[in-house]
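# What the coordinates show
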Amino acid sequence: MKPIYNSAKEAVEPIQDGATIMVGGFGLVGIPEQLILALVDKGVKDLTVISNNCGVDEWGLGLLLKNKQIKKMIGSYVGENKEFERQVLSGEIEVELTPQGTLAEKMRAGGAGIPAFFTPAGVGTLVAEGKEIREFGGKDHVLEMALTADFSLVRAHTADKMGNLVYNKTAQNFNPLAAAAGKVTIAEVEHLVEIGDIDPNQVQTPSIYVQGLFQADQEKRIERLTTR
């Protein structure tokens, strides 16, 4: 059995100033809401955050931004967050923007123990500046380094007490990649079941990648509501 935390505060207790954290989810979909709120309350600072984007102004990782707790953001999209834009333009935060597919592969490679890989995405753009370029099959490719983190925070629909995880629909996006790439992975889960209750064929993150569990309900906010 893996440690099962009684609160989000307890779950994030090991995360200290200056840590690198990788956070699953896409926008507000599949993010570990309660773990993020616990980091806000804890007040840790100088964080390097690896995630597809940085939430919105008043929810998700945007709350860490608002509190000036993030020193560097590695992601692929920042279009829904005005505070992020403000901090970038004022030089308050360091940003490393990466094509979305490249970001996913950098995370996957980190979890697989692959240190680097070549990709054609970004060749001839700012993304490739200062990086090795090599030709394969008559086409230039840029060398990208894998990503790992001190801690990964992920959201799963169901977990058993061994730490095997099942995600719900689009929450499969970056969560499995993040879970594998963290030295310590903490999973926020909606349903916690007994060992053996999950069909092995349905497991999307094996327990070997998970070091702790926290059960919590979610608000499941959406980024933008359009009625017409």
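Within every chain, residues take consecutive numbers counted from 1 along the sequence as written. Thresholds applied to this predicted model are a pLDDT of at least 70 for local features of residues and 80 or more for the giving and counting of side-chain atom pairs; totals over whole chains, interfaces and linings are not thresholded and use all residues. Each side-chain value is worked out from all heavy atoms of the structure, with water and hydrogens disregarded.

Moving on: the side chain of Glu190. The numbering of helices and of strands both runs from the N terminus, where a helix is a DSSP run of H or I of at least 4 residues and a strand a run of E of at least 2. As for its placement among the helices and strands, Glu190 is situated in strand S11 (residues 182–193). Every residue in contact with Glu190, bar those within four places of it in the chain, is listed here: Arg155, Ala156, His157, Gln215, Ala216, Gln218 and Lys220. We call two residues in contact when some of their heavy atoms are within 4.5 Å.

On to a nonpolar patch on the surface. To count toward a patch, a residue needs a relative accessible area over 30% and no salt bridge; like charges are then connected within 9 Å, while nonpolar side chains (Val, Leu, Ile, Met, Phe, Trp, Tyr) are connected within 5 Å. Each accessible area is a Shrake-Rupley estimate made with a 1.4 Å probe; only the visible protein chains count as cover when residues are assessed. One side-chain nitrogen of Lys or Arg within 4 Å of one carboxyl oxygen of Asp or Glu is enough to make a salt bridge. Together, Met1, Ile4 and Ile195 give the surface a local cluster of nonpolar side chains, amounting to about 300 Å² of exposed area. Residue position: Met1 is located in the segment before strand S1 (4–5).

Another point: the side chain of Thr205. By the secondary structure assignment, Thr205 is in the loop between S11 and strand S12 (212–215). Whether a residue is buried, partly exposed or exposed follows from its accessible area with a 1.4 Å probe, protein chains only, as a fraction of its type maximum: under 20%, in between, or over 50%, in that order. Thr205 sits in the buried class, given a relative accessible area of 2%. Any pair of N or O atoms that falls within 3.5 Å is considered a polar contact. Within protein, one atom must be able to donate a hydrogen and the other to accept it, and sequence-neighbouring residues count only if both atoms are side-chain atoms. A polar contact is formed between the side chain of Thr205 and the side chain of Tyr167, at a distance of 2.6 Å.

A few words on the pairing of strand S9 (residues 149–160). Counted residue by residue, S9 has 10 buried out of 12 residues, so it is predominantly covered. If DSSP finds at least two bridges between two strands, the strands pair. Hairpin connection of S9 to strand S10 (residues 165–166): 4 residues between the antiparallel strands, including Gly163 at a positive phi of 100°.

In space, the 3 strands of this open sheet follow the order S6-S8-S7, with antiparallel pairing throughout. Bordering the open sheet on either side are strand S6 (116–119) and strand S7 (133–136), each of which pairs with just one other strand. This sheet shows a mean twist of 40° between the axes of neighbouring strands, independent of strand direction. As paired strands, S6 and strand S8 (residues 139–145) are joined by 4 bridges and run antiparallel to one another. Bridge assignment links Ala116 to a residue of S8, and that residue is Met145. Across the face of the sheet, helix H5 (residues 100–112) comes into contact with S6 and S8 while running at roughly 155° to S6. Fitted lines through C-alpha atoms give the axes, limited to the stretch in contact for helices. The angle between two N-to-C directions lies from 0 to 180 degrees.

In this section: the nonpolar core. By nonpolar core is meant a set of buried Ala, Val, Leu, Ile, Met, Phe, Trp, Tyr and Cys residues that side-chain atoms within 4.5 Å join together. Ranked by internal contacts, the top residues of the largest apolar core, which has 34 residues, are Ile15, Ile21, Leu35, Leu39 and Val49. For this core, the elements supplying multiple residues, two or more each, are helix H1 (8–11), strand S2 (20–23), helix H2 (33–42), strand S3 (47–50), helix H3 (62–66), strand S4 (70–75) and S9. Counting residues per element, this core draws most heavily on H2, at 5 residues. Discounting residues that sit within four places of it in the chain, Val49 has contacts with Ile21, Val23, Leu61, Ile70, Lys72, Met73 and Ile74. Within the second largest apolar cluster, 22 residues are counted, among which are Ile74, Ala104, Leu147 and Val210.

What follows concerns helix H4 (residues 82–89). Residues of H4 that are buried include every one of Glu83, Phe84 and Gln87, and no others. Buried residues of H4 fall within an arc of 105° about the axis and therefore sit on the same side. Exposed and facing more than 90 degrees away from the buried side of H4 are Lys82 and Leu89. Taken together, the buried residues of H4 touch H3, S4 and strand S5 (94–97). Here H4 starts with a cap whose side-chain oxygen sits 3.1 Å from the backbone nitrogen of Glu83, and that cap is Asn81. Just past H4, the residue Gly91 takes up positive phi, approximately 75°. Within this analysis, the arc is defined by the directions that extend from the helix axis to the C-beta atoms.

As far as function goes, none of this settles anything; it's purely spatial.
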